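Residues per chain are reported as follows:
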Amino acid sequence: MLPSSRKSNLAPNLDKHKASAKRAGQPANSGLSQYVGFFAIGYLLTSVIFMIVQLQFALNPHLVTVISVFFGAYIAVHKFIKHQQRALSVSEMNRLTVGSTVVIWLLTALYFISLWLWLFDEANRAVFIEMSRQQPWPLFAALVLILVVTLVSARISILIVNRLLDPKRKKA
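In short, a report on the structure. (Residues numbered from 1 in each chain as written. Predicted model: local features only at pLDDT ≥ 70, side-chain atom pairs only at ≥ 80, totals over all residues. Heavy atoms only, no water.)

Side note on the packing of helix α4 (residues 90–119) against helix α6 (residues 136–165)
At a minimum axis distance of 9 Å, the contact between α4 and α6 shows a crossing angle of 140°. Comparing their axes, α6 and α4 come out oblique. Viewed along their axes, α4 and α6 form a crossing whose handedness is right-handed. Side by side, α4 and α6 meet where V90, M93, N94, L96, T97, T101, I104 and W105 of the first sit next to L143, I146, L147, T150, L151, A154, R155, I158, L159 and N162 of the second. Looking at the contact of α4 with α6, its residues break down into twelve nonpolar, five polar and one charged. (Axes fitted to C-alpha atoms, helices over the stretch in contact; angles between N-to-C directions. Helix = DSSP H or I, 4+ residues; strand = E, 2+ residues; numbered from the N terminus. Parallel < 35°, antiparallel > 145°, perpendicular 65-115°, else oblique. Left-handed = near helix turned anticlockwise from the far one by under 90°. Contact = heavy atoms within 4.5 Å. Nonpolar A, V, L, I, M, F, W, Y, C, P; charged D, E, K, R; others polar.)

The following block contains the structure:
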């Protein structure tokens, strides 16, 4: 089969997908990158507020993460519904969840790198490296746990906020 004939076989399926998306009232490509950005802004604002609160009160870091993710999800889904005049589809929720989790972890990595470079001195770095070499599994388990908490809380938060703010549910 030649590449040119392959394209022609796939093109009708792509056109059918776009046509069915338009009939359903959904654009074929809704551009979720800006909503991932809204999610990140909401997450950052809530995290900064909790960092300030934690100067006075000790809070569970997992609870802070879940609440920060929830507010990030609220801002992203609210903006999406306001701009698109419809709720997120399942595939859009999945993409927003994965994209938001990736952005959160990129921001977290940037935060840790900045701590490493500007806050830690040589003695602190040596202690951290030695601790990581002697017992790497607790550190690895903590990273996996917080990754799973972030991913699950993002998915559940986006799902809940999407259902609460769905314009079709409000009218019914």
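After that view, the rundown keeps rolling.
What to know about α6
For α6, with 30 residues, the first-to-last C-alpha span of 43 Å sits near the 44 Å given by 1.5 Å per residue. All buried positions along α6 are accounted for by I146, V149, T150, S153, A154, S157, I158, V161, N162 and L165. (Expected span 1.5 Å × (residues − 1). Buried < 20%, exposed > 50% of the residue type's maximum accessible area, 1.4 Å probe, protein only.)

Digging into a nonpolar patch on the surface
On the surface, a cluster of nonpolar side chains totalling about 1,100 Å² of accessible area is made up of F70, F71, Y74, W137, F140, V144, V148, V152, I156, I160 and L164. Among the elements that line the nonpolar patch, the one with the most residues is α6, at eight residues. Structurally, the position occupied by F70 is in helix α3 (residues 61–84). Judged by its relative accessible area of 32%, F70 is partly exposed. (Patch = residues over 30% accessible without salt bridge, like charges linked within 9 Å, V, L, I, M, F, W, Y side chains within 5 Å. Areas by Shrake-Rupley, 256 points an atom, 1.4 Å probe, with all protein chains shown as cover. Salt bridge = Lys/Arg side-chain N within 4 Å of Asp/Glu carboxyl O.)

Some points on the nonpolar core
Core analysis: the biggest nonpolar cluster contains 19 residues, and F39, V69, V77, F80, L88, L96 and I158 have the highest contact counts within it. Mapped onto this core, the elements with two or more residues apiece are α2 (33–53), α3, α4 and α6. Tallying contributions element by element places α3 first for this core, with six residues. Those residues in contact with V69 that sit more than four places away from it in its chain are F39, Y43, I104, T150, S153, A154 and S157. (Core = buried A, V, L, I, M, F, W, Y, C linked by side-chain atoms within 4.5 Å.)

Here's the deal with α3
Over its 24 residues, α3 extends 34 Å from the first C-alpha to the last, a length consistent with the 34 Å expected when each residue adds 1.5 Å. Among the residues making up α3, those that are buried are V64, T65, S68, V69, G72, A73, A76, V77, F80 and I81. One side-chain oxygen of the residue at the start of α3 lies 2.9 Å from the amide nitrogen of H62, identifying that residue as N60. Just downstream of α3 lies Q85, where phi reads positive at about 60°. (Polar contact = N/O pair within 3.5 Å; in protein donor to acceptor, adjacent residues only side chain to side chain.)

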